[in-house]
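Inside the fold
What follows is each chain in one-letter form.
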Amino acid sequence: MKPPTRVNHPPAVDVPADNRPLVAPIYQSVKFTFDSVAESERESRGQRDGFQYSRVANPTLRQLELTVAELQGRDACLLTSSGVAATNLTMLSLCKQGDHVLMFAEMYQPTRYMIRRILSRYGIAHTMLSIEDVEGIERTLAARATRLIMFESPTNPMVKVAALERMTAAARAHGALTLLDNTFAGFHNHGQFDIDIYAHSLTKYASGHGDVMGGAVIARRELIDAMRTDFIIFGATLDPHTAFLIQRGLKTYPLRYERQCQNAMKIAQFLEAQPQVAHVSYPGLPSHPQHALAAGQMHEFGAMVTIELHEDAARFSEALQLFAISASLGSTESLVWPGRLINPRDLTAEERQWAGVSERTARLSIGIEDIDDLIADLQQALTSGTATQ
Ligand SMILES: Cc1ncc(COP(=O)(O)O)c(C=O)c1O
């Protein structure tokens, strides 16, 4: 072979079947080939296993799909290039013109945007309630045929907890599908409930290091199969290298999440005792209105702590040294996100009351750092400058 041919047809290196790499290799290939047209045809008809094109299926992605589906206690998964792609493309795939979606003021703002601004363009109606209004949820489902309930637990950013038993029972009774963005709670939580679809931002706890983005939609196989072609056509799949990094991050997910939750609990308790802090929202605190609900639903209480100060949270956020002012959450390092940057401008005055975010709010994403260092940093930020009452 001459060089231009050789570089495009490099020598093949086969690994013996009894001599496997301990870490699965990255299948960084868009295309897969068969030795015969007949076998390629059989694969595309679903008559044999195999791969053709990485937007459709890829072995590195398949390993991650199987892992996260099992962690969440379901059979199947679709991977997406971000968390918003996971939730939003699921809604797009499941809903059609004339459908009704139930949503909540306390949700992640881009999810609200998707339902109110984008799905509405396609004739999909919605009702927005507070996640705390369980009677309102039951009433709405009884009064109006609803295709989908889109919700979070705990919610971003106010860490309110959804009444999963009652919500799923009402949804089942009235034929609505439930789609839970389970990013805050993690894969090991909420699998025991009768929830149809779980969406996760893999950008957060799953990858854990704040360096890649991804999303997962996890459900029973028949639901995933019903959405699969739509997702292939939406085209927002994950790149194999990103999937590999998320798979690697998952190795320490249980350890990281456990440590982050332990730190979060200590921080919540510390902050609740500080005079500069008007209120601490953390489901692990007995003062949280849904503490009992959270204790019955989750193995632990998550790593997000949202506080209300007596003053604008900007100064406090800037005074913190270890907590960086940054969006996102769930990575190994601690972050702060002040209310001025969360500001839910799309909500009415009443909906803002439900959402509960103000300029005095600070959302803390707790990392795996040493707890004494984190508390010392919070202490100095509260007591420096003008943070006193
Ligand atoms: C609860 C929740 N869902 C979804 C997302 C979106 O994830 P991504 O940034 O991976 O699209 C976020 C991001 O902050 C989130 O907090």
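Everything below is about the structure printed above this text.
Attention here is on the structure that accompanies the text. Treat the numbers as computed from the prediction; the structure is a model and nothing was measured. (Residues numbered from 1 in each chain as written. Predicted model: local features only at pLDDT ≥ 70, side-chain atom pairs only at ≥ 80, totals over all residues. Heavy atoms only, no water.)

Moving on, we get to the overall build of the protein chain. Counting secondary structure elements, the protein chain contains 15 helices and 12 strands. Its C-alpha radius of gyration of 23 Å places the protein chain within 12% of the 21 Å reference for a compact globule of 389 residues. Counting only C-alpha atoms, the protein chain reaches 80 × 50 × 35 Å along its principal axes. For the protein chain, with 389 residues in total, the buried portion stands at 51%. For the protein chain, the proportion of contacts with a sequence separation of at least 24, taken over those separated by at least 6, is 72%. If the 36 positive side-chain charges of the protein chain are averaged to one point and the 43 negative ones to another, these points end up 6 Å apart. (Helix = DSSP H or I, 4+ residues; strand = E, 2+ residues; numbered from the N terminus. Rg over C-alpha atoms; globule rule 2.2 N^0.38 Å. Buried < 20%, exposed > 50% of the residue type's maximum accessible area, 1.4 Å probe, protein only. Contact = heavy atoms within 4.5 Å. Lys, Arg positive; Asp, Glu negative; His and termini not counted. Charge placed at Lys NZ, Arg CZ, Asp CG, Glu CD.)

All right, on to the sheet that holds strand β1 (residues 76-80) then. Spatial ordering of the open sheet is given by β1-β7-β6-β5-β4-β2-β3, a layout of 7 strands whose pairing is mixed. One side of each edge strand has no neighbouring strand; the edge strands of this open sheet are β1 and β3 (125-129). Each adjacent strand pair in this sheet contributes to an overall mean axis angle of 20°, direction not counted. Pairing of strand β4 (residues 148-152) with strand β5 (residues 177-181) involves 5 bridges; the strand directions are parallel. Counted as the bridge partner of Glu-152 is Asp-181 from β5. (Pairing = 2+ DSSP bridges. Axes fitted to C-alpha atoms, helices over the stretch in contact; angles between N-to-C directions.)

Right, let's talk about the side chain of Asp-181 for a bit. As for its placement among the helices and strands, Asp-181 is situated in strand β5. Reaching out from Asp-181, the side chain makes a polar contact with the side chain of Thr-183 at a distance of 2.6 Å. Apart from the residues lying within four places of it in its own chain, the contact partners of Asp-181 are Thr-87, Met-150, Phe-151, Glu-152, Ser-153 and Ala-199. (Polar contact = N/O pair within 3.5 Å; in protein donor to acceptor, adjacent residues only side chain to side chain.)

Let us look at the site of the ligand. Close to the ligand lie 14 residues, the nearest being Gly-83, Asn-156, Asp-181, Ser-201 and Thr-203. One nitrogen or oxygen atom from the main chain of Gly-83 is found 2.8 Å from an oxygen atom belonging to the ligand. Ser-201 places a polar side-chain atom, nitrogen or oxygen, 2.8 Å from an oxygen atom of the ligand. Of the residues that constitute the shell around the ligand, the class distribution is 5 nonpolar, 7 polar and 2 charged. (Near = heavy atom within 4 Å. Nonpolar A, V, L, I, M, F, W, Y, C, P; charged D, E, K, R; others polar.)

Per the counting criterion, the structure on display carries 5 aromatic pairs. Ring centres 5.9 Å apart and planes at 45° place the aromatic pair Tyr-253 and Tyr-257 in the tilted group. With Tyr-253 and Tyr-257 both in helix α10 (residues 253-272), this residue pair falls 4 residues apart, about one helical turn. According to the relative accessible area criterion, Tyr-253 is buried, its value standing at 4%. (Phe/Tyr/Trp six-rings, centres within 6.5 Å; stacked < 30°, edge-to-face > 60°.)

Leu-64, Phe-104, Ile-149 and Phe-151 are the most contacted members of the largest nonpolar core, which has 74 residues in total. With near-sequence residues (within four places) excluded, Leu-64 lies in contact with Leu-79, Leu-202, Leu-238, Ala-243, Ile-246, Gln-247 and Leu-250. (Core = buried A, V, L, I, M, F, W, Y, C linked by side-chain atoms within 4.5 Å.)

Our next topic: the pattern of salt bridges. Enumeration according to the criterion identifies 20 salt bridges in this entry. For Arg-48, the salt bridge identified is with Glu-39, shortest N-O distance 2.9 Å. Judged by relative accessible area, which is 31%, Arg-48 ranks as partly exposed. On the accessibility criterion, Glu-39 (25% relative accessible area) is partly exposed. For Asp-312, the salt bridge is made with Arg-340, and the minimal N-O distance between the two is 3.0 Å. Of this pair, Asp-312 sits in the loop between β9 (304-309) and α12 (313-319) while Arg-340 sits in helix α13 (residues 339-342), and the two are 28 residues apart along the sequence. Because the salt bridges share partners, they merge into one network encompassing Arg-172, Asp-194, Asp-196, Arg-220 and Glu-222. (Salt bridge = Lys/Arg side-chain N within 4 Å of Asp/Glu carboxyl O.)

Here the focus is helix α8 (residues 221-234). With 14 residues, α8 should reach 20 Å at 1.5 Å per residue; the first-to-last C-alpha distance of 19 Å fits that figure. The largest bend in α8 comes to about 40°, at Arg-228. Burial in α8 covers these residues: Leu-223, Ile-224, Met-227, Phe-231 and Ile-232. Against β1, α4 (83-94), β6 (197-201) and β7 (215-219) lie the buried residues of α8. Phi for Gly-235, located one or two positions after α8, is positive at around 80°. (Expected span 1.5 Å × (residues − 1). Bend = angle between axes of the 7 residues up to and from the residue.)

The interhelical angle for the contact between helix α6 (residues 134-143) and helix α7 (residues 164-173), taken along N-to-C directions, is 5°, at an axis separation of 9 Å. As the angle between them shows, α6 and α7 are arranged roughly parallel. Where α6 abuts α7, its residues Val-134, Glu-135, Ile-137, Glu-138 and Leu-141 lie against Arg-166, Met-167, Ala-170 and Ala-171. Looking at the contact of α6 with α7 residue by residue, the class counts come to 6 nonpolar, no polar and 3 charged. (Parallel < 35°, antiparallel > 145°, perpendicular 65-115°, else oblique.)

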